[in-house]
Amino acid sequence: KVCGQCHAAARAAFLEGPHKEAMDAAGLPECASCHDHHRIQPATTAMLDTVCLNCHAEGSGPQQRGVAMKALFTHATEAIDTAHGLVDRAATIPLYVEDYRGRLEDARTALVGAEPVTHSMDVARVQEMTRRARSIAGEVSREIEGKLEGRLWRRVGLLLFWFYLLLTVALLLRYRRRAAAEASR
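Thresholds, definitions, all that
Residue positions are given per chain, counting from 1 as you read along its sequence in written order. Given that this is a predicted model, residues contribute local features only at a pLDDT of at least 70 and side-chain atom pairs are listed and counted only at 80 or more, while totals for whole chains, interfaces and linings are drawn from all residues. With hydrogens and water stripped out, all remaining heavy atoms of the structure feed into the side-chain values. By convention in these notes, a salt bridge is any Lys or Arg side-chain nitrogen within 4 Å of a carboxyl oxygen on Asp or Glu. Put simply, DSSP H or I for four residues or longer makes a helix, DSSP E for two residues or longer makes a strand, and each gets a number counted from the N terminus. Each residue gets one of three labels from its accessible area relative to the maximum for its type: buried under 20%, exposed over 50%, partly exposed in between, using a 1.4 Å probe on protein chains only. The patches described consist of residues with a relative accessible area above 30% and no salt bridge, like charges being joined within 9 Å and nonpolar side chains (Val, Leu, Ile, Met, Phe, Trp, Tyr) within 5 Å. Surface exposure here means Shrake-Rupley accessible area, sampled with a 1.4 Å probe, where a residue is shielded only by the protein chains that are shown. Residue count minus one, scaled by 1.5 Å, sets the expected span of a helix. It is the directions from the helix axis to the C-beta atoms whose arc is reported. Only the stretch in contact is used when a helix axis is fitted, and all axes are lines through C-alpha atoms; the angle between N-to-C directions ranges over 0 to 180 degrees. If an angle is under 35 degrees, it is roughly parallel; if it is over 145, roughly antiparallel; if it lies from 65 to 115, roughly perpendicular; otherwise it is oblique. Note on convention: the crossing is left-handed when the near helix lies turned anticlockwise from the far helix by less than a right angle, right-handed when the turn is clockwise. The contact criterion used throughout is that any non-hydrogen atoms of two residues lie within 4.5 Å. Residue polarity follows a fixed list, in which Ala, Val, Leu, Ile, Met, Phe, Trp, Tyr, Cys and Pro are nonpolar, Asp, Glu, Lys and Arg are charged, and the others, Gly among them, are polar.

**Digging into the pattern of salt bridges**
Under the definition given, this model contains ten salt bridges. Here Glu30 and Lys20 are joined by a salt bridge, their closest N and O atoms 2.8 Å apart. With Glu30 in the loop between α2 (19–26) and α3 (32–35) and Lys20 in helix α2, this residue pair connects regions lying ten residues apart in the sequence. Judged by relative accessible area, Glu30 falls into the buried class, the value being 11%. In this structure, the salt-bridge partner of Asp81 is Arg108, at a minimum N-O distance of 3.3 Å. One end of the pair, Asp81, is in helix α4 (residues 61–91); the other, Arg108, is in helix α5 (residues 98–114), with 27 residues separating them in the sequence.

Quick look at the structure:
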């Protein structure tokens, strides 16, 4: 209960989930059972598939829920990281990317907001919240890829333009030389 004074969202989700009754019945402390007493473990999504094994058998339903939630966070994080890499690449060109960086911060905020919900063990809620982060990252990736691809086609068009221009100049010079040679005869 002490932890819940600052981590209210995590405590509220915990109270909704199946662990509250089970821990009360077993006489276990709420937060310290998973996060330890004096060596408080940082609340990372990496714990989702391992901490469950302290009480649940590997492959059991509860442990599989942990694995599923960890996968949701992993996919969302990968999508954000991929989009961030594209934004960094676009910034080196340089393209204006500050709006995209802001949108990726929104995606990370959505992902952080989903973390306390894991305490409810409700995979559907976690999926809904991580979907927002993946969606934002996907939109940013598609838009940046479109700009990068458009830039490629502009370069191709520019090359074709210069080729046409140089060809025209070469033909005009050739025509001019022929005309001068015929005039001098």
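**Describing a nonpolar patch on the surface**
Among the surface-exposed residues, Leu158, Phe161, Trp162, Leu165, Leu166, Val169 and Leu173 lie close enough to one another that they form a single nonpolar patch of about 660 Å² accessible area. By the secondary structure assignment, Val169 is in helix α6 (residues 123–184).

**Observations regarding α5**
With 17 residues, α5 should reach 24 Å at 1.5 Å per residue; the first-to-last C-alpha distance of 25 Å fits that figure. Three or more residues of α5 are buried, namely Tyr100, Leu104, Ala107, Ala110, Leu111 and Ala114. Angularly, the buried residues of α5 cover 110° about the axis, an arc narrow enough to put them on a single face. Exposed positions of α5 whose direction lies more than 90 degrees from the buried face are Asp99, Thr109 and Val112.

**With respect to the packing of α4 against α5**
In the contact formed by α4 and α5, the axes pass within 10 Å of each other and the chain directions differ by 165°. Considering the angle they form, α4 stands roughly antiparallel to α5. The handedness of the crossing between α4 and α5 comes out as left-handed. Together, Phe73, Ala76, Thr77, Ile80, Asp81, Ala83, His84, Val87, Asp88 and Ala91 of α4 and Tyr100, Arg101, Leu104, Ala107, Arg108, Leu111 and Ala114 of α5 make up the contact between the two elements. Grouping the amino acids of the contact of α4 with α5 by side-chain chemistry returns eleven nonpolar, two polar and four charged.

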